[in-house]
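Each chain is listed here by its residues.
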Amino acid sequence: YGGLGLNITNPLSAARCAELGLRGLLVHPETSLRAMQAVAPQQGGAPLPTAALCYGHMPLMLTRACPLRNTRSCAQCPGGGTLRDRKGRDFAVTCTAPGSAGVRTVYNPVPLYMGDRLAELPVDVAVAAFTTEPPARAAQVLAALLAGRPFDSEFTRGLYYTEATT
């Protein structure tokens, strides 16, 4: 099953992934809903299942250089932290391993949310991606998603409602 890192945004990339043996794929969240409709490839005469993100803090950047290194050493790092921008927004940072072996991911502080518009996602499966949320918050978000309720704080619809330009 292909995930976010494959950046599947069009039928050509989806078809190639199906040729390579994928049994399902996550359409990249920077794909508009209209473009998502065309992505599902055929595999053996049947459409390959597609998924779209319905909740999650989008990764903004992957880097080997640690953006937290100015505030602490790798030996003192618990595996991540936060960066605060000039507007006071906190960006979560996670790390896969200490030192130069690790990859750091910086996440958007505002989550994507489609819980109150799940029926508009032209895919087979809606995926909620939890990164730094504590279990209690994850349970709240899941309850809102399952009930189709509006989100309880600031959120974005990402690029789902943009029109593609050629």
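Residues numbered from 1 in each chain as written. Predicted model: local features only at pLDDT ≥ 70, side-chain atom pairs only at ≥ 80, totals over all residues. Heavy atoms only, no water.

*Asks:* Just give me the short version of the overall build of the chain, but keep the residues and values in it.
*Replies:* Each helix and strand in the chain was counted, giving three helices and ten strands. Principal axes of the C-alpha set define a box for the chain whose edges measure 55 × 35 × 35 Å. For the chain, the proportion of its 166 residues judged to be buried stands at 34%. For the chain, the share of sequence-separated contacts (at least 6 apart) that also reach a separation of at least 24 residues comes to 63%. For the chain, the exposed area adds up to about 9700 Å²; of that, 55% sits on carbon and sulfur atoms. (Helix = DSSP H or I, 4+ residues; strand = E, 2+ residues; numbered from the N terminus. Buried < 20%, exposed > 50% of the residue type's maximum accessible area, 1.4 Å probe, protein only. Contact = heavy atoms within 4.5 Å. Areas by Shrake-Rupley, 256 points an atom, 1.4 Å probe, with all protein chains shown as cover.)

*Asks:* Before we move on, can you summarise helix α1 (residues 11–19) with the specific residues and values?
*Replies:* Within α1, the full set of buried residues consists of Ala 14, Cys 17 and Ala 18. All buried residues of α1 project into a common sector of 100 degrees when viewed along the axis, lining one side. Those residues of α1 that are exposed and angled more than 90 degrees off the buried face are Leu 12 and Glu 19. Looking at where α1 begins, the residue whose side-chain oxygen comes 3.1 Å from the main-chain nitrogen of Leu 12 is Asn 10. Looking one or two residues beyond α1, the residue adopting positive phi is Gly 21, at roughly 110 degrees. (Arc of directions from axis to C-beta. Polar contact = N/O pair within 3.5 Å; in protein donor to acceptor, adjacent residues only side chain to side chain.)

*Asks:* A description of the sheet that holds strand β7 (residues 90–95) should follow, citing residues and the corresponding values.
*Replies:* Ordered in space as β5-β8-β7-β6, the four strands form an open sheet in which the pairing is antiparallel. In this open sheet, the two strands that pair with only one neighbour each are β5 (59–63) and β6 (80–84). The average angle at which neighbouring strand axes cross in this sheet is 25 degrees, direction not considered. Of the pairings in the sheet, the one linking β5 to strand β8 (residues 104–107) comprises four bridges and is antiparallel in character. (Pairing = 2+ DSSP bridges. Axes fitted to C-alpha atoms, helices over the stretch in contact; angles between N-to-C directions.)

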